[in-house]
Each structure stands twice: as structure tokens, then as C-alpha cells.
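# Descriptive analysis of the structure
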Amino acid sequence: MCNKRPTVLRGVCLFSMLATASIGCMPAPEGGSAAGDAGASGGAGGPGTGGAGTGGIAGSVGGGLGGAAIDAGVSSAASACVESPPPLRPTGVIVEFPIEIALGGKTLVFGEPNALAAGGTLTPQDMRFYLSQAALLRGDGTSVPVDIVTQAGTPEPYGIHFFNGDDVASHTMRVLAPAGNYTAVTFLWGLTLACNQGDASQLHAPLSDTSQMTWPHLFGGYLFFKYGASIMQGLSDAGAPSAPQAAIPSLIHMGGSLTMNVAPAIQVNGMLTVLAGGSVVKIIRVVLDEVFKGAAMNVDLMDFVVPPGGGDEITLGERLRRSTSGLKIFVFGS
Amino acid sequence: MPPLWPSRGSLSLTLSPWLSVVFALALFALACDQAASTRPTAATPPPALVTDLTPAHFAAGTAADVAPVDNALTEARAQLGKRLFFDKNLSRTGEVSCGTCHAPDHAFSDPSPISTGVEERTGTRNAPALVNLAWGDSFFWDGRVRTLEEQAGKPIENPVEMDLPVTEAAARVAADPTYAKSFDDAYFGPATEESLRKALASFVRTLVSGDSPYDRHLRGDEEEFGDAERRGEDLFLSEKAACFHCHPAGRLTDEGFFNNGTYVDGGDPGRQTVTGRTGDLGKFKVPGLRNVAASAPYMHDGSLATLEEVVDQYARGGRGSPWTDPQIRPLTLSDDEKLDLLAFLRSLTDPVFLVDPRFRP
């Protein structure tokens, strides 16, 4: 539902800057409905969201993956944003996914200058994102929805994992899985529509107003991915500044929509063997090289309106969101 | 027997003796009654510090709701903490109390850029406002402590502030018989270092400001929130001014740490002293903005004297430190837009809070 001053383009609402009774609406990503490359370990069509299975609005986001079915339980959960969601299953094996941020093949150290291949340094200052609606894929393509859980195995608040570069405790996502063999993990890079419509002033972490992920109005949804870095130019041997790091942005803000499920559906391919009574640890790397590539992708933004005064970071974020299906942003580490 | 009343026709203003006696008795009775009504008695409690007032859009509950389990907020604790807050005997020289640098008139901040402690010693930072800290996640400009109980003892023992070990401060208080009952009522025993800090924290928790025009606006009362304030709010929450990135609507602080370009180099390391991270150089805690108009000067070092200077500095995109947060960038604001922003910032002033006698010694 649009706000009082909607301007509709192609059936989509413009992002409104009203402080009250305003919503932000982003069009569906282009190319998001394509089925993912089976060999890709980055963005791909994943499980649909929003309670409509793989059809309707959700289909424009994920569109299904090679026939992957969606569990009805996940659909209904996605239609609400519950702080203490009921667990999908009472028991299971905790699968840990430590998350590393990588650039140029190297793991970045948060808050410290990291050398860049072309000279200079990049110091990550802010790295936050939401992951939700996790599932494990079997070899036959069936999707097994799993709870994102705490270290104790209970569902995370709102069923969300919130990665915050500043908080080491958040650097591992955990899911509670039934025993079995799996070929991939899938999740949304962001929030479901229901959670994105929440009022941050009334919700608790990680959806509270101290998440640093809120958009500029009380009912405006959240950023799904927030990246900020200090980039220093390098010096040549002669002491002159090296060429500016033009390809590396210092700020990316990727958000969603208040009317549609537009969180990129991610599939990370790799064998996962979950044994009853065992433990599984599988590193997931966020490849910033791919993030920057996506942020610079030449995608159609004709129906996207930057909020008045908005900086490049918003456009970069939208380019990124629309291009995830062709990128390998999330990959399993070695 | 003389007549009770002056005889008719008498122009004299002299009362008859009997009337004089009656008049005198009436005056005496009136005086006694007035004296009785103004003299504090042992049975008259001071006005309550602990209330249900909550700033608008603070969803976590009242100050009492969010108090830690091991220091539940009670009236006895808050009142004790208030007395301690203004007691200069908690400083080595007896010159300085918490209230010396955290002045009620200034939203419990310091109108001096850098606060002055015992023997005129100075630190490096401006004493921040103590407003709505009950809901805070961390304290001090560098966020080095996570609880008000921890925070309360630090200025007491800081050599440039009150310069007295907290154990000694507690011993002084324990030796003061006028404190004995208050500590017993509040913490069921004599003063200790722990109960002293807890009492101070309890008082600070009661410093709740929730009745500014902005708060009322959020609750639907627009009487004191006019067009300029509304335009200012829109700007504040827009990408154009981008204030919301650190000061989200409602709470007005995201409890985070940012380098907003207050200095170029060679300044206070701020958050870096806590984390040790290179990239945290010059980061300081985002303060809440309620009553900001009353808490000048601004920034961790009090380097900006007025709100106008604050707006101008943000409009410039800071002073050019390479560690300035990338969200801080030059803004294109007209003079009228700046005025609207200022109107909004001034709407955050809660006049009741600033003069509330409950918060005075």
C-alpha cells in the first residue's frame, strides 16, 4: 500500500521522504526471476517468499530454483514477523556458518587498514546485513527450511541473523538442521516483507532503532546491507599518491521495499553432511569484489528514484540488489 | 469596661483594647497555621523521582522496567542517589560534586567546553548531558562502560574530576550519620562502594525527559510543533540532511560510535582507546538529542558553541579528517533549511525537565 502521495511507475511506488505515513518502494530486481546456475555459489533464484510460494510477487524475487519446493511453514512464517518464532523442529544439529569478509582473496580485518592490490588501504568501518529464511537443499532439489538459531539452539529473534562487523559474536550464523546430506544453503540477503514493514522504534534487536539499519522514516523499512569503509590512497615509490581507488566505493546502502519481497535470494553451493549428534562448521565468505562489481553493474534503473538528497550509496545499493543473481557474493570458504 | 468597637463617629484608627486582643490572637493563629504548612515534617515525602514518564517511541518500557535486576529502581534509591549526586564530599577536596559538571539548568551537561575538577584541574572532554540514560547501551563519550553503575564511580576516582577512590568516598558517606537511614532503606545496610554507585545510577535513571514538543508531536499533539519544526523534522529524517543515519527518529541516538569530522588530526582518539582499532580513531558516541538546545557547547570537546555551528559543520561535511565516517558528506542546505533544522532541534527541548525541582538539590 502506498502512502498519501504516491507516484506510480509501472505499478511501483516511489520512495517517499515524508517523515510520517511514508513508505519506500523499490521495484523488483531485474533478472531475479531467473533460475540460478546450478554451479553458481552466489545469488540465484531461491525459495520464494512472502507467503505466495514461488508465484506472484515473490516469484519476481526468487522464482524458484530448479524446481525447489517451498515448505508451507516457511511461507506462513514469512507472512509475519514474530520476535519469538516457534521453532520449525524441536531438535536438530546446529550447523555453524562462520562468516568472513573477503577482498582480493584475503579475509579483511574489520576496523584495520587492509592493503589493496592496487595500493592504498581499505579500512572497513561498517559492515552490517540481515540474513533470513534459511534452508538447506538436498541433492534432489528439495528445500528443507531451517531455523536460524542462537548458540543454544533456540530461534533467533524474528528468525533473523544480523551480521555486524563490530560485534564478533555475530560473525557466525547458526541453523538447526535435521541430519542428512545437503548440497547448498539458501537464505534471503535481507528481510521478508513482513519484517521490513516493522516499526523500529517498537521492536527489539536486531530490528530496533539501534540497529543502524533504519531508513529515514518511522515506517520506512530497513537497510538490508550496509557497507562503509575508509579508503586511503597508496603512495608510489616516489612518494606520489597512486591512482584513486575508483572501483572501490566507500559506502553502499542496499535496502528493500515496503510493498514487495525484494530481498535477494542467495544460494551457496557446497556439500554439507549433517550427522545426528555431530557438529558442522562451514565458512561462508562474503566476497566484496563481487559486491563492488554488483554495485557498479550497468542495470536498468529507469524505475528507481533516489530519495531527494540521497547519495551515490543508494544507487550503488540498488544496482547491487538487482544484480545479485549473476554474482558469487556468498561462497563457501575453504 | 471599654467598648469592644470604636464608637461611631470616632476618627481614631486606634483599636479598642478588646479588639486589639482579638486581632492579635487571630494573627497568631494564622501565623501558626502557615508555619505548620511550610515546615517539612518527618512524614512528608519529597516529590517522587520514579515515574512512568517515558520518552515518545521508546518501546522498551519505563526507566524502572529497564533497570538492572540487581539494582531495581526504587524511590528510596533514587532519592539517596540524588543527595549523593549533589554532595561535594564525594570529591577529595570537597569542591566538586557530580552536579558541578552536570548542571540541571543545562540538561545536566556542562556549559564549559571542558569540564573542571578539583583544584581547577581540567580534562579533555565536555561533560555530556544526562538525559534518558536509563535506556542507554554504553556510557562516556568512548562508550567504555556498559552500565550506569560502572559509570557512576569513574568520575569520582578520576584524578582530574573528583580525585577520590570510590572506597574512600563510600567511607566518608558511611561515617556520616545523616546517610545511615537512607542507605539502610535503599540497600539494607551501611554505605559501601557498590551501593554508592548503585544509588547514583538510580538517580541518573530518573532523569527522564519525555515532554518536549517533539515528544508530544510523536504522540499526536501538534500544538507546539509547527510548520518550521515539521519541515526541519522532514529534513532531519531525509537523505538530504541524513541526520537519521546516527540519530534515528524517536530515540534520536543509535547508540553507535562515529567520527563526524570534529577534528582533522591530533585529537582525542575516542573509541579507539577502548577497542584499539585503527579505524576507530576519533569515533565518539552518538548522544541523544533531547534538550540539545540547552546543552551547549557541543561535541566531545565542546568545540562547537552553538547549534548553528553544529549545523554548519555538518553542512561542510566535517573538518576533513581522513577517518571521517563516509556517511558524513557536504550537504546542500539553504539558509531556510538550516533554520528549519534548528527549529526542529529546538523542539526537542522539554521545558519541564529543565526546571523540574525534583532534580534539584
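Criteria and thresholds
- Residues numbered from 1 in each chain as written.
- Chains lettered and ligands numbered in written order.
- Predicted model: local features only at pLDDT ≥ 70, side-chain atom pairs only at ≥ 80, totals over all residues.
- Heavy atoms only, no water.
- Helix = DSSP H or I, 4+ residues; strand = E, 2+ residues; numbered from the N terminus.
- Buried < 20%, exposed > 50% of the residue type's maximum accessible area, 1.4 Å probe, protein only.
- Contact = heavy atoms within 4.5 Å.
- Areas by Shrake-Rupley, 256 points an atom, 1.4 Å probe, with all protein chains shown as cover.
- Salt bridge = Lys/Arg side-chain N within 4 Å of Asp/Glu carboxyl O.
- Polar contact = N/O pair within 3.5 Å; in protein donor to acceptor, adjacent residues only side chain to side chain.
- Phe/Tyr/Trp six-rings, centres within 6.5 Å; stacked < 30°, edge-to-face > 60°.
- Domains from an automatic or database assignment.
- Buried area = accessible area lost by both parts, 1.4 Å probe.

## Considering the overall build of chain A
Counting its regular elements, chain A contains 5 helices and 17 strands. Residues classed as buried in chain A amount to 57% of the 334 residues present. The long-range share in chain A, meaning contacts at least 24 apart out of those at least 6 apart in sequence, stands at 74%. Counting every atom, chain A has about 12500 Å² of accessible surface; 57% of that belongs to carbon and sulfur.

## Concerning the pattern of salt bridges
As enumerated under the stated definition, the model contains 38 salt bridges over all chains in all. Between glutamate 96 of chain A and arginine 174 of chain A there is a salt bridge, and its shortest N-O distance comes to 3.1 Å. Within this pair, whereas glutamate 96 of chain A is found in strand β3 (residues 93-103), its partner arginine 174 of chain A is found in strand β10 (residues 172-177), the two being separated by 78 residues in sequence. Judged by its relative accessible area of 24%, glutamate 96 of chain A is partly exposed. On the basis of relative accessible area, arginine 174 of chain A is assigned to the buried category, the value being 12%. Between arginine 346 of chain B and glutamate 308 of chain B there is a salt bridge, and its shortest N-O distance comes to 2.8 Å. Of the two residues, arginine 346 of chain B sits in helix α13 (residues 335-346) while glutamate 308 of chain B sits in helix α12 (residues 307-316), which places them 38 residues apart along the sequence. On the basis of relative accessibility, which here comes to 34%, the residue glutamate 308 of chain B falls in the partly exposed class. Here the salt bridges share partners, and the residues they tie into one network are Asp166 of chain A together with Arg277, Asp280 and Lys283 of chain B.

## Here we look at the environment of asparagine 196 of chain A
Residue and element names in this part refer to chain A. Along the chain, asparagine 196 falls in helix α3 (residues 193-196). Counting along the chain gives 28 residues from asparagine 196 to phenylalanine 224, while the straight-line C-alpha distance between them is 9.1 Å. Not counting the four nearest positions on each side in its chain, asparagine 196 is found in contact with Leu191, Gly221, Tyr222, Phe224, Gly256, Ser257 and Leu258. A distance of 2.8 Å separates a polar side-chain atom of asparagine 196 from the backbone nitrogen of tyrosine 222.

## Comments concerning the packing of aromatic side chains
Enumeration according to the criterion identifies 25 aromatic pairs over all chains in this entry. With centroids separated by 5.2 Å and ring planes inclined at 85°, the aromatic side chains of tryptophan 189 of chain A and phenylalanine 330 of chain A adopt a geometry described as edge-to-face. Placement of tryptophan 189 of chain A in strand β11 (residues 180-189) and of phenylalanine 330 of chain A in strand β17 (residues 330-332) is noted, with a sequence separation of 141 residues between them. On the numbers, 6.4 Å between centres and 45° between planes, the contact of tyrosine 214 of chain B with phenylalanine 225 of chain B is tilted. Residue tyrosine 214 of chain B is located in helix α9 (residues 213-218), and its partner phenylalanine 225 of chain B is located in the loop between α9 and α10 (227-236); the two are separated by 11 residues in the primary sequence. With relative accessibility at 1%, the residue tyrosine 214 of chain B sits in the buried group. Judged by relative accessible area, phenylalanine 225 of chain B falls into the buried class, the value being 1%.

## What about the interface of chain A and chain B?
With 35 residues of chain A at the interface, the matching set in chain B holds 31 residues. Viewed at the interface, chain B and chain A are joined by 3 salt bridges. Close ionic contact of aspartate 209 of chain A with arginine 251 of chain B constitutes a salt bridge, the shortest N to O distance being 4.0 Å. Where chain A meets chain B, there are 8 residue pairs in polar contact (both at pLDDT 80 or more). Listing elements by their share of the side of chain A that touches chain B, those giving two or more residues are β6 (121-137), β12 (223-232), β13 (251-255) and α5 (312-323) of chain A.

## Considerations on the domain arrangement of chain B
Residues and elements named next belong to chain B. Domain assignment breaks chain B into domain 1 (63-209) and domain 2 (213-353). In this structure, domain 1 and domain 2 have C-alpha centres spaced 26 Å apart. Each side of the interface is counted separately: domain 1 has 29 residues, and domain 2 has 24 residues. In total, domain 1 and domain 2 occlude about 1900 Å² of area from one another, counting both sides; carbon and sulfur atoms represent 52% of this. Per-residue buried area on domain 1 facing domain 2 is highest for Trp141, Asp142 and Ser209; these three make up 33% of the total on that side. Put simply, domain 1 and domain 2 have 1 salt bridge between them.

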